[in-house]
Amino acid sequence: MVGRGLRGGYTTHAPLHTSEPQRRTALNRVFAAVYTSAIIALLYRHAQNLLLYSPTLLSFSMTLSLLISDLVLAFMWASAQAFRMCPIRRKEFPQNLKRIMKEEDFPGLDVFICTADPYKEPPINVVNTALSLMAYDYPTEKISVYVSDDGGSALTLFAFMEAAKFASHWLPFCREHNIMERSPQVYFASTWNPEIENIKMMYENMKVKIEHIVDKGEVSDEYITDDQQRQAFNKWTKGFTRIDHPTVIQVILDKSQDKDVSGHFLPNLIYVSRQKSKTSPHNFKAGALNVLLRVSAVMTNSPIILTQDCDMYSNDPQTPLRVLCYLSDPAIQSKLAYIQFPQRFHGLNKNDIYASEYKRLFQLNAMGFDGLQGPNYVGSGCFFGRRAFFGSPSTLLPPEIPELSPDHVVDKPIKSQDVLSLAHHVAGCNYENQTKWGSKNGFRYGSLVEDFYTGYRLQCEGWKSLLSNPERAAFLGDVPVNLFDVLGQCKRWCIGLFEVAFSKYNTLIFGSHSMGLLIGLGYSHYAFWPIWFIPVAFYSFLPQLALLNKVSIFPKISEPWFFLYVFLFLGAYGQDFLDFVLAGGTVHRWWNAQRMWMIRGLTCYLFGSVEYLLKSLGISTHGFTLTSKVLDDEQSKRYDQGIFEFGIPSPLFVPLTMAAIINLLSFVLGLTEFLGGSNKEGFGLQMLLTGFIVVNCLPIYGAIALRSDKGKMPTQITVISTFLSVALYSTASLCF
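Remember, predicted model here, so these are calculated numbers, not experimental data. (Residues numbered from 1 in each chain as written. Predicted model: local features only at pLDDT ≥ 70, side-chain atom pairs only at ≥ 80, totals over all residues. Heavy atoms only, no water.)

Chemist: Got a minute to help me understand the pattern of salt bridges in this structure?
Modeler: Side chains that differ in charge, positive against negative, can pair when their charged atoms come close. Tallying each qualifying case throughout the model produces 29 salt bridges. For Asp221, the salt bridge is made with Arg230, and the minimal N-O distance between the two is 3.8 Å. Look at Arg230 and you get partly exposed, because its relative accessible area is 34%. Two residues, Arg444 and Glu461, come together in a salt bridge whose shortest N-O distance is 3.0 Å. (Salt bridge = Lys/Arg side-chain N within 4 Å of Asp/Glu carboxyl O. Buried < 20%, exposed > 50% of the residue type's maximum accessible area, 1.4 Å probe, protein only.)

Chemist: I keep staring at the environment of Pro375 and nothing clicks. Help me out?
Modeler: If you trace the backbone, Pro375 turns up in the loop between helix H10 (359–370) and strand S13 (382–385). On the accessibility criterion, Pro375 (1% relative accessible area) is buried. Considered as a pair, Pro375 and Gln459 are 84 residues apart in the sequence and their alpha carbons are 9.6 Å apart. If sequence neighbours within four positions are ignored, Pro375 has contacts with Tyr338, Gln340, Ala366, Phe369, Asp370, Gln459, Ser465, Leu466, Leu467 and Tyr523. (Helix = DSSP H or I, 4+ residues; strand = E, 2+ residues; numbered from the N terminus. Contact = heavy atoms within 4.5 Å.)

Chemist: Can you walk me through a negative patch on the surface in this structure?
Modeler: On the surface, a cluster of negative charge is made up of Glu103, Glu104, Asp105 and Glu141. By the element assignment, Asp105 lies in the loop between strand S5 (88–92) and strand S6 (109–115). (Patch = residues over 30% accessible without salt bridge, like charges linked within 9 Å, V, L, I, M, F, W, Y side chains within 5 Å. Areas by Shrake-Rupley, 256 points an atom, 1.4 Å probe, with all protein chains shown as cover. Lys, Arg positive; Asp, Glu negative; His and termini not counted. Charge placed at Lys NZ, Arg CZ, Asp CG, Glu CD.)

Chemist: Which parts of the structure should I look at to understand helix H14 (residues 507–515)?
Modeler: All buried positions along H14 are accounted for by Thr507, Gly511, Ser512 and Met515. One face of H14 carries all of its buried residues, which in axial projection span an arc of 100 degrees. When the buried face of H14 is taken as reference, the exposed residues oriented beyond 90 degrees from it are Ile509 and His513. Here the buried face of H14 lies against helix H12 (450–460), helix H13 (483–501) and helix H15 (517–527). The N-cap residue of H14 is Asn506: its side-chain oxygen and the backbone nitrogen of Leu508 are 2.8 Å apart. Once H14 ends, the next one or two residues include Gly516, with phi positive near 115 degrees. (Arc of directions from axis to C-beta. Polar contact = N/O pair within 3.5 Å; in protein donor to acceptor, adjacent residues only side chain to side chain.)

Chemist: Just checking my understanding: could you explain the packing of H13 against helix H18 (residues 587–602) for this structure?
Modeler: In a pair of packed helices, the angle between the axes and the distance between the axes together describe the arrangement. Running from amino to carboxyl end, H13 crosses H18 at an angle of 65 degrees, the nearest separation of the two axes being 11 Å. One finds that H13 runs roughly perpendicular with respect to H18. Our pair here, H13 against H18, has a crossing hand that is right-handed. Contacts between H13 and H18 involve Leu483, Val486, Leu487 and Cys490 from the first element and Met596, Ile599 and Arg600 from the second. Of the residues that constitute the contact of H13 with H18, the class distribution is 6 nonpolar, no polar and 1 charged. (Axes fitted to C-alpha atoms, helices over the stretch in contact; angles between N-to-C directions. Parallel < 35°, antiparallel > 145°, perpendicular 65-115°, else oblique. Left-handed = near helix turned anticlockwise from the far one by under 90°. Nonpolar A, V, L, I, M, F, W, Y, C, P; charged D, E, K, R; others polar.)

Chemist: Which parts of the structure should I look at to understand unusual backbone geometry?
Modeler: Most peptide bonds take the trans configuration, and most residues that are not glycine carry a negative phi. One non-glycine residue with positive phi stands out, namely Asn283, at about 60 degrees. You can see Asn283 is positioned in the loop between strand S9 (268–273) and helix H8 (284–299). In this structure Asn283 comes out as partly exposed when scored by relative accessible area, which is 27%. Notably, Asp352 is not glycine yet its phi reads approximately 45 degrees, a positive angle. Mapped onto the elements, Asp352 comes out in the loop between strand S12 (336–340) and H10. For Asp352, a relative accessible area of 3% corresponds to the buried category.

Chemist: Help me out: how do you make sense of the packing of H18 against helix H19 (residues 604–616) in this one?
Modeler: Two elements in contact, H18 and H19, have axes whose closest approach is 3 Å; the angle formed by their N-to-C orientations is 30 degrees. Considered as vectors, H18 and H19 are oriented roughly parallel to each other. In contact with Trp597, Arg600, Gly601 and Leu602 of H18, H19 contributes Cys604, Tyr605, Leu606 and Phe607. A per-class count over the contact of H18 with H19 returns 6 nonpolar, 1 polar and 1 charged.

Chemist: Honestly, the nonpolar core in this entry has me stumped. Any pointers?
Modeler: In a soluble, globular protein the nonpolar side chains are often hidden away together inside. In this structure, Trp170, Val295 and Met299 are the most contacted members of the largest nonpolar core, which totals 190 residues. For this core, the leading source of residues is helix H4 (residues 154–177), giving 15 residues. Setting aside anything within four residues of it in sequence, one finds Val295 in contact with Tyr146, Ile249, Val272, Ala423, Val426 and Ala427. Among the nonpolar cores identified, the runner-up in size contains 20 residues, and Ala32, Trp77, Ile553 and Leu564 belong to it. (Core = buried A, V, L, I, M, F, W, Y, C linked by side-chain atoms within 4.5 Å.)

Chemist: I would appreciate a short explanation of the side chain of Asn268 in the present structure.
Modeler: Inspection of the secondary structure puts Asn268 in strand S9. Of the polar contacts made by the side chain of Asn268, one reaches the side chain of Ser144; its length is 2.9 Å. The contacts of Asn268, once residues within four sequence positions are left out, are Ile143, Ser144, Val145, Leu253, Asp254, Lys255, Thr300 and Ile414.

Chemist: I would appreciate a short explanation of the pairing of strand S7 (residues 143–149) in the present structure.
Modeler: Of all 7 residues in S7, 7 are buried; the element is thus mostly enclosed. The two faces of S7 match: Ile143, Val145, Val147 and Asp149 on one face and Ser144, Tyr146 and Ser148 on the other face are all buried. Where S6 lies against S7, 7 bridges are found, and the strand directions are parallel. Counterpart to Phe112 in the pairing with S7 is Tyr146. With respect to chirality, the unit in which S6 leads through helix H3 (residues 123–134) into the neighbouring parallel S7 is right-handed. Sheet topology note: the S7/S9 ladder contains 5 bridges and is parallel. Bridging across to S9, Val147 finds its partner in Tyr271. (Pairing = 2+ DSSP bridges. Right-handed = clockwise from strand over helix to strand, strands pointing away.)

Chemist: Which parts of the structure should I look at to understand H13?
Modeler: Turn by turn, an α-helix covers 3.6 residues, leaving residues three or four places apart pointing in a common direction. The terminal C-alpha atoms of H13 lie 27 Å apart, and with 19 residues this matches the ideal 27 Å at 1.5 Å per residue to within 8%. Where burial is concerned, most of H13 is hidden: 16 out of the 19 residues are buried. Of the residues that open H13, the one with a side-chain oxygen 3.2 Å from the backbone nitrogen of Phe484 is Asn482. (Expected span 1.5 Å × (residues − 1).)

Chemist: Just checking my understanding: could you explain the pairing of S12 for this structure?
Modeler: Regular strands have side chains that alternate between both faces of the sheet. Judged by how many residues are buried, S12 sits mostly within the fold: 5 of 5 residues are covered. Where S12 lies against strand S14 (residues 464–467), 4 bridges are found, and the strand directions are parallel. Within S14, the position partnered with Gln340 by the bridge is Leu467. Note that S12 and S13 share 3 bridges and pair antiparallel. If you follow Tyr338 over to S13, its bridge partner there is Phe384.

Chemist: What's the story with the sheet that holds strand S10 (residues 304–309) in this structure? I'm lost.
Modeler: Adjacent strands of a sheet pair through backbone hydrogen bonds, lying either parallel or antiparallel. Read across the sheet, 8 strands follow the order S8-S9-S7-S6-S10-S13-S12-S14 without closing on themselves; strand pairing throughout is mixed. The open sheet has two free edges, formed respectively by strand S8 (248–253) and S14, since each of these has just one partner strand. Looking at each pair of strands side by side, their axes are set apart by 20 degrees on average, direction ignored.

See the structure below:
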C-alpha cells in the first residue's frame, strides 16, 4: 500500500508513506493451527483425567488446578495470536511533504505535558522534555506547549519561567547547528566543543537555580525579578494545597509577542494547574488531560494534539513531519484518530534486567495491532486529531459550549481577559458535572490506565490509528532502576486493566462486537493481563510440592503425552524467542524478559488482582501513586552492573521468595532421588520445570545469601518467606 498526498491544489506521485506485511505472517498462521491442535489435545487429556482417573479428592483437585492453569495459558496464547495474524511495518517520507504543502499551511500543534510532583518528577527533567519539543523542526508560531501541574507547585512554575528565558537562546542554537538531540541535558552530556561553552553555561546556571529552589522547597523573593512574576506567585497563599486550590493559568510565552535572540517568535508556553477540591473527584491523569483539552481549545484550538509524559524527551526533531505524512493523506485522514510512536528508553542497562523495554507491548504487538485497526494508545508519544475526542468519525458530538468545539476558530489573543476568564472557567473542578466529559467526550474515565481505555473506546467508536516506528526513536524516556518501582508501576496497570475487563465495555464481548474478533482478542490479551498469575503461581508451587512428597503429576518420559508437553513448552518459548530476536533483541534480553514474566506473575499480577478484588468489594486500598523519576546513585550503579535491586521490605517479594525457596528444595531433593535411580521416568517433567525455575531465581538466591549491599533481600522478607514456605510444605505433606 502507498499513501499519496493531495492538499491545497498540490498533487504528487511521490509517496508520503508506505506499509508492507511481515514475511513471517504465513508461517505464524500455520504454526497457530498446529499449536491449537496441541492445546486441544492437552485439554482433552485433562478432561479425561478429571472425569475418569481422579478417584480421590486430592487427585481431582490437582487435575482441576492444572486444567484451570492450562485454560488460562491457552486463552492468553490464543489472544496473543491476534498480533501475529497480519502485522505490518510502515515507513514515512517527510522529505516529500514540501512537494504538496508549504510550511505556512502546516496545521497547529498543541503539546500536552503532564507532571504531578516536583520531588518524584524533578522540574529540570520536565523542562528538558518541554525544550526538546519546543525545538521541533516545525514553524514555532504553530506550536503551543501546555504544562499540566497536578501537584499545584510554585516550584514547577518557576522552573518553566526560567526555561522560557533559556529557550530564547536554545531554539536558535538548535536551528543554527541542526542538532538532533534537542533536550539540552542529553545534548550537553554527549557533546563537547569550545563553541558550546556559552550556552552550556546558561543551561547550568538555569539548572542550579531550579534545583536550588526545589531543595529549598519555596520560591524566595531573591528569585522573583519583576511584578508579573510576583503577581503569579502570590496565588500560592497559606490555604493553597496540592489537593485543594484554585485554578492557576500562566501564559509564560506568547508567540505573538515573545521572540528569541535571533528575532524569531517563540512557541506559546502555558502553565496550567487545574482547580482541585477535596470534595470533587479529579480522575487522575485523564482528568488533567481533559482540562488541557478544554483550556487549549479556548486559547489555541490546534487540530493536532501531542500527549507526552514529562520524562519522554524528543529524540527526532522531524517527528511532526512524519505525522503530517499520514494526516495529509485524504484516503485515511477522515477516520484517523491518532498516530502512536513506540515508547523507547535511554539508560537501559546492557541486558535490560527488568525487561523495562517492553519490546512486545510497545513494538511487536503494536505492529500486529497496526495490521488490524491500529495500535492501542500508550499514554505518551501520541499525536491525536482533536476531532477524535468529540464523537465518532461520522457523527460529531458537540461539547456544551461552542468555544470547545474542534472546529472553533480562536480569534482573540491568548492573554486577553475573555480568553483567560473562560480558560479558568473550563479548568474548574465542577465544570464537568452534568456533561459528557470522560464518558463520551475527551479522555475516558473509569480506569487507572486511562491511555489504554481511551484508545480502546475510540476504536470501538469506529476510529482507526497508526503506528510509526522509525529507525531513530522519536522519543526516549527514563526507566525505573529498582525492582520495587518496576513492579509497583505494573501493579497499577493491572488494576486499571481489570477495571476495563470487567466494565460494561468488556473487551471480549463489547470490543469484539464493535471492532471484530481479532482486535477484540488483542485488547482482551491486555485487559486480562493480570490473570497470568494463575498459571505462574500454580506451576511455581504445585509440581514442586508434589515432587517433595514424591508424587508424580506429569506423564512419564516413555509416554506419548510427554512429547506433547515438550512441544507446547518449546513451541511457545521458541516462537517468542524468534519474534524477540528478529525484532532486534538479544538472547540475554529475551532471557531477562521471560524471567520478569515469571516474577510479575508472583508479584504485581497477583497483588494487582487481589487489590482490584478488594476495591470491587468496597474495601479501601492504596490510591494512585507516581513512579519516582529521581535516581539514587548507588541504585543506578548496581543497575548498570546488572544487579537486581530488592532493598525495600515489601510484601510483593514474599511469594517470589517463597517460590525460590520451595523450588530449590524440591530440585535438590528430586535430583538426589533422580541420581539414586528412584522413578526417573515419573519425575522427569517435574525436574525440568523445577530446574528451569531455579535458574530463573538465581538473582533471588544471590540477594538472600550472597550480598551485603543495600539492595539485598531484606532479612525480614527472607524470614517471613522461609516460615511460610515451611508452613506450606507441612500443609502439603498432610494432603499428599
